[in-house]
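# Working through the structure, step by step
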Amino acid sequence: MNTNNAEFTASYGLFKQIPRSDRPEFAFSGHSNVGKSSLINKLLNRKALARVSATPGKTSTINFFSVDGFYIVDLPGYGYAKVSQNEKKRWAELIEGYLHDDRDLALVFQLIDFRHKPTADDIMMIDFLIDSGIPFVIVLTKADKLKKKEREARREAFRTEIPCADDITMIEFSAETGEGVEELRGIIDDVTREE
Ligand SMILES: Nc1nc2c(ncn2[C@@H]2O[C@H](COP(=O)(O)OP(=O)(O)O)[C@@H](O)[C@H]2O)c(=O)[nH]1
Ligand SMILES: [Mg+2]
């Protein structure tokens, strides 16, 4: 994939604002603070195309980035506790609306923090993706924060913590070291070639 012309296209706060799509889309989903913006920046070779935040919960919009014939779609991070019930409802409607919409959703990258047991929201997302038949892979983020033994322990634990774990492609990733970024690009290249 050629990232030279990657650019921010638009942000939407409500599902009904999202226009019809004219290209395949790769959506990125995950808990707030899991490292989604950092991953998108790394993937697109930019320092700050997608905003990186030390304060979780900042990205409450759905953001589109145009890249080489497809869109990268940054879904709002879920699971942030310190927001109102109303805000949570708006996020849920935005995410569900988008994922249920009749669009050319090529693949979802579901991000999970490599260090921790997936949250109830993570499992709900994974169940939803499986039930909806949406193709997805899991990205295990912040891999640089684990030692070899810790990685082995988490890999083993995920096999029981994540439904259908043995059938799901899992990519170990670090925005710090760049580990896994070529694998992600390879997956996008494979899927766009098939489209
Ligand atoms: N060590 C390390 N920190 C990361 C990595 N990815 C993100 N972070 C940090 O985690 C925090 C949240 O990152 P961000 O990309 O804004 O997460 P988002 O809320 O999912 O978009 C920031 O402080 C990042 O610097 C990573 O691969 N390794
Ligand atoms: Mg973000």
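Before going into details, it helps to say that this report is about the structure given with it.

Parameters and conventions
- Residues numbered from 1 in each chain as written.
- Chains lettered and ligands numbered in written order.
- Predicted model: local features only at pLDDT ≥ 70, side-chain atom pairs only at ≥ 80, totals over all residues.
- Core = buried A, V, L, I, M, F, W, Y, C linked by C-beta atoms within 7 Å.
- Buried ≥ 20, exposed ≤ 12 C-beta atoms within 10 Å, placed from the backbone.
- Helix = DSSP H or I, 4+ residues; strand = E, 2+ residues; numbered from the N terminus.
- Contact = placed C-beta atoms within 7 Å.
- Pairing = 2+ DSSP bridges.
- Axes fitted to C-alpha atoms, helices over the stretch in contact; angles between N-to-C directions.
- Expected span 1.5 Å × (residues − 1).
- Arc of directions from axis to C-beta.
- Right-handed = clockwise from strand over helix to strand, strands pointing away.

Ranked by size, the top nonpolar core spans 38 residues in total, and within it Phe26, Phe28, Leu39, Ile40 and Val73 carry the most contacts. Among the elements of the structure, β2 (25–30), α1 (36–43), β3 (62–67), β4 (70–74), α2 (85–100), β5 (105–113) and β6 (136–141) are those that each provide at least two residues to this core. Considering each element in turn, this core owes the most residues, 6 residues, to β5. When residues no more than four places from it in sequence are discounted, the contact partners of Val73 are Glu25, Phe26, Ala27, Phe28, Ile62 and Phe64.

Tracing the chain through its elements places Asp101 in the loop between α2 and β5. According to the C-beta neighbour criterion, Asp101 is partly exposed, with 13 such atoms within 10 Å. Separated by 76 residues in the primary sequence, Asp101 and Thr177 place their C-alpha atoms 35 Å from one another.

Trans is the prevailing form of peptide bonds, just as negative phi is the prevailing case for residues other than glycine. In this model, Asn45 sits at a positive phi of 65°, which is unusual for a non-glycine residue. Turning to its location among the elements, Asn45 is positioned in the loop between α1 and β3. Although it is not a glycine, Asp68 sits at a positive phi angle of roughly 35°. Structurally, Asp68 can be placed in the loop between β3 and β4.

All right, on to the pairing of β4 then. Taken across its 5 residues, β4 has 5 buried, putting it largely inside the fold. Residues Phe70, Ile72 and Asp74 point to one face of β4 and Tyr71 and Val73 to the other, with burial holding for every one of them. Sheet analysis places β2 next to β4, joined by 4 bridges and oriented parallel. Its bridge partner being in β4, Phe28 is matched across the sheet by Asp74. Two elements, β3 and β4, share 5 bridges in a ladder whose sense is antiparallel. The residue of β4 that forms the bridge with Ser66 is Tyr71. From the end of β3 to the start of β4, which pair antiparallel, there are 2 residues, and Asp68 there has a positive phi angle of about 35°.

Within a sheet, each strand pairs with its neighbour through backbone hydrogen bonds, oriented either parallel or antiparallel. Strand order in the open sheet formed by 7 strands is β1-β3-β4-β2-β5-β6-β7, and the pairing between neighbours is mixed. Across the chains shown, the open sheet's two edge strands, defined by having one partner strand only, are β1 (7–12) and β7 (170–172). Adjacent strand axes in the sheet meet at a mean angle of 25° when their direction is disregarded. Where β2 meets β5, 6 bridges bridge the pair, whose relative direction is parallel. Looking at the pairing, Phe26 lines up with Leu107 of β5.

A turn of α-helix holds 3.6 residues, and therefore any two residues three or four places apart point the same way. In this model helix α3 (residues 120–132) runs 18 Å from its N-terminal to its C-terminal C-alpha over 13 residues, within 8% of the 18 Å that 1.5 Å per residue would give. Taken together, the buried positions of α3 are Asp122, Met125 and Ile126. Seen along its axis, α3 keeps its buried residues to an arc of 95°; they face one direction. In α3, the exposed residues that point more than 90 degrees away from the buried face are Ala120, Asp127, Asp131 and Ser132. Elements in contact with the buried residues of α3: β2 and β5.

Once that is clear, we can look at the pairing of β6. Where burial is concerned, most of β6 is hidden: 5 out of the 6 residues are buried. Strand direction decides the pairing type here: β6 and β7, joined by 3 bridges, are parallel. In the strand pairing of β7, Leu140 is matched with Glu172. Crossover handedness for the path β6 to helix α4 (residues 148–161) to β7: right-handed.

Before going further, it helps to spend a moment on α1. Burial runs high along α1: 6 of the 8 residues are buried. Buried residues of α1: Lys36, Ser37, Leu39, Ile40, Lys42 and Leu43, and no others. Along its buried surface, α1 packs onto β2, β3, β4, β5, β6 and α5 (181–194).

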